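# Survey of secondary and tertiary structure
The residues making up each chain are set out below.
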Amino acid sequence: MKPIIQGNVAKNCHPEGLLKAIDKQIAYVESHGEIYGPKKVLVIGASSGYGLASRIALAFGGGADTIGVSFEKGPGEKGAGSAGWYNNVLFQRRASEKGLIAKNFIADAFSDTTRQNVIDFIQQEFGGKIDLVVYSIASGIRIHPDGTRYQSTLGVCGQAFSGPGFELESQRMVEQTLEPVTKQQLADTVKVMGGEDWQRWITMLEQADVLATGFKTVAYSYIGPESTWPLYKDGSLGAAKAHLHNTADEINAQLQRISGNAYAVACKALVTKASAFIPVFPLYITLLYKVMKQKRLHETCIEQMHRLMLDHLYPPLGNVITDAQRLIRMDDYELRPDVQNVVELLRKQVTADNFKVIGDFAGYLQEFHELNGFGMAGVDYSDELDINTLVKEYSLA
Ligand code: NAI
């Protein structure tokens, strides 16, 4: 079996390889310090990227029971299913082996029915109130509970922005353009990727009285260096993230009754299914990886999330570590001037002929493949996958 990529989107995955990738993340957290943190956790967007890494860090680094919500496809008539589906099943398998509760809801996180189903589970089966909600959704579409369908648009505010990016399928550098968004597109992107849905989750959970005293919630954001601002921070996604930051303050005030806190977390740029989709951005990631690896500062999702939980959200002295705007800064290494100065130097040298060696293209590709269970040592990729066997072996408990 070989990885199939269309544009920058993976079209297949390998369950055995995904198990190896999950085991690798588990091995990392089990050997890098115990998290003295939450024991009952809800992760919204739990099946891949930052959400999955948060779940692994908290379960295997801190002994937490977890509920995961995600939107994934299982194996069946329409094909072998998505990587996230297998991640849910495999996470559950490993967590059960440890005696931990790991419940998966494969459902639309934007729907009130999903929220109610999760609340019912917490009240009837989970065995305790929630200590932490991680909100880690990356989506292009949101169906609001009132039935309105919102679509997000990756675009800029102001003049169009063009820059070099690359296509994974052809492994070629291409000029990519982010077009200006209309006011409506901007507002819709904020509806999808801003903080409204996060707040709706917390409000419903709080009203149902399933949040523990001292409860915390985090949602993930990106700010990035100035060189990326035209395409991210000052664009439609950045507007959504600014809304998320404001929502963190609103939720924080709302939670005072139960001595709770809400934080937006500015994370590092990393290879995930979602970030591969943003024009120009993956090229920046290859340059960043090159420099951060050289300086021994590189972190993948699991290293970021383990450090977040261990040092920032549940530090030994108890006080959550934030900046003056109450943001938790996990992008501290990425934004170091010594890192960004070299990234800038490299950026100026990039051409279509050298982009694979100027940046860490090989490292990017390896992490991308790993997200889909490819390129993992010890897996025999020559075996055919049989859908009926997959259905039998990888169903959700
Ligand atoms: P990802 O694509 O790996 O994960 C997204 C998750 O959202 C998956 O579990 C998916 O199933 C779930 N999801 C999407 N739509 C859903 C729906 N309607 N209902 C239920 N679940 C749904 O993405 P990634 O990169 O881990 O992103 C998570 C968050 O982290 C996003 O808010 C993103 O902006 C943020 N972030 C990502 C960075 C990066 O470089 N990858 C950097 C900084 C922040």
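Residues numbered from 1 in each chain as written. Predicted model: local features only at pLDDT ≥ 70, side-chain atom pairs only at ≥ 80, totals over all residues. Heavy atoms only, no water.

### What about a nonpolar patch on the surface?
A contiguous nonpolar patch, built from Val 9, Leu 154 and Phe 277 and spanning about 250 Å² of accessible area, is present on the exposed surface. Inspection of the secondary structure puts Phe 277 in the loop between β12 (261-266) and α8 (281-294). A relative accessible area of 56% places Phe 277 in the exposed class. (Patch = residues over 30% accessible without salt bridge, like charges linked within 9 Å, V, L, I, M, F, W, Y side chains within 5 Å. Areas by Shrake-Rupley, 256 points an atom, 1.4 Å probe, with all protein chains shown as cover. Salt bridge = Lys/Arg side-chain N within 4 Å of Asp/Glu carboxyl O. Helix = DSSP H or I, 4+ residues; strand = E, 2+ residues; numbered from the N terminus. Buried < 20%, exposed > 50% of the residue type's maximum accessible area, 1.4 Å probe, protein only.)

### Quick look at the site of the ligand
Not every one of the 30 residues close to the ligand is listed here, only the nearest: Ser 47, Tyr 50, Ala 109, Leu 270 and Thr 272. A distance of 3.5 Å is found between an oxygen atom of the ligand and a backbone nitrogen or oxygen belonging to Gly 45. Asp 108 is positioned with one of its side-chain polar atoms (N or O) 2.9 Å from a nitrogen atom of the ligand. Alone, the ligand offers 840 Å² of accessible surface; in the complex the protein occludes 94% of this. Across the shell around the ligand, the residue classes tally to 15 nonpolar, 10 polar and 5 charged. (Near = heavy atom within 4 Å. Polar contact = N/O pair within 3.5 Å; in protein donor to acceptor, adjacent residues only side chain to side chain. Nonpolar A, V, L, I, M, F, W, Y, C, P; charged D, E, K, R; others polar.)

### Observations regarding the UniProt feature "domain: Trans-2-enoyl-CoA reductase-like NAD(P)H binding" (unreviewed entry) in the protein
The UniProt entry lists residues 1-76 under the feature "domain: Trans-2-enoyl-CoA reductase-like NAD(P)H binding" (unreviewed entry), expressed in the numbering used here. As annotated, residues 1-76 has a helix share of 39% and a strand share of 20%, and its two end C-alpha atoms lie 18 Å apart. (UniProt positions renumbered as here; feature names shortened; annotations may be inferred.)

### Some details on the UniProt feature "active site" (unreviewed entry) in the protein
Annotation from UniProt places "active site" (unreviewed entry) at Tyr 232. Residue position: Tyr 232 is located in the loop between β11 (211-221) and α7 (236-254). Leaving out residues up to four positions away in the same chain, Tyr 232 has contacts with Tyr 222, Leu 237, Gly 238, Lys 241 and Ile 278. (Contact = heavy atoms within 4.5 Å.)

### Concerning a negative patch on the surface
On the surface, Glu 16, Asp 380, Asp 383 and Glu 384 cluster together into a negatively charged patch. When you line up the elements, Glu 384 lands in the loop between α12 (361-371) and α13 (387-393). (Lys, Arg positive; Asp, Glu negative; His and termini not counted. Charge placed at Lys NZ, Arg CZ, Asp CG, Glu CD.)

### Side note on unusual backbone geometry
The phi angle at Gln 171 is positive, at roughly 55 degrees, despite the residue not being glycine. Assignment of secondary structure puts Gln 171 in the loop between β9 (161-167) and β10 (172-178). Look at Val 280: it is not a glycine, yet its phi comes out positive at around 70 degrees. Along the chain, Val 280 turns up in the loop between β12 and α8. Look at Val 280 and you get buried, because its relative accessible area is 10%.

### Concerning the side chain of Ser 47
In this fold, Ser 47 is placed in the loop between β3 (40-44) and α2 (49-62). With relative accessibility at 4%, the residue Ser 47 sits in the buried group. Side chain to side chain, Ser 47 and Glu 72 meet in a polar contact 2.5 Å long.

### A look at the sheet that holds strand β4 (residues 65-70)
On the basis of which strands lie adjacent, the open sheet formed by 7 strands has the order β5-β4-β3-β6-β11-β12-β13 and parallel pairing. Edge positions in the sheet fall to β5 (102-106) and β13 (328-329), since each has one partner strand and no second. Here 2 bridges tie β12 to β13, and the two strands are oriented parallel to one another. Bridge assignment links Ala 266 to a residue of β13, and that residue is Arg 329. Along the sheet, helix α3 (residues 83-97) makes contact with β4 and β5, crossing β5 at roughly 165 degrees. (Pairing = 2+ DSSP bridges. Axes fitted to C-alpha atoms, helices over the stretch in contact; angles between N-to-C directions.)

### What about α3?
Counted at 1.5 Å a residue, the expected span for α3 with its 15 residues is 21 Å, and the 21 Å between its end C-alpha atoms agrees. Summarising burial for α3: 11 of the 15 residues are buried, a large majority. Ala 83, Gly 84, Trp 85, Tyr 86, Asn 87, Asn 88, Val 89, Leu 90, Phe 91, Gln 92 and Ala 95 are the residues of α3 that are buried. At its buried positions, α3 is contacted by α1 (15-30), α2, β4, β5, α12 and α13. (Expected span 1.5 Å × (residues − 1).)

### Examining the pattern of salt bridges
As enumerated under the stated definition, the model contains 23 salt bridges in all. Between Glu 30 and Lys 98 there is a salt bridge, with the nearest N and O atoms lying 3.2 Å from each other. Remark: Lys 98 occurs in the loop between α3 and β5 and Glu 30 occurs in helix α1; sequence separation between them is 68 residues. When its relative accessible area of 42% is taken as the criterion, Glu 30 is described as partly exposed.

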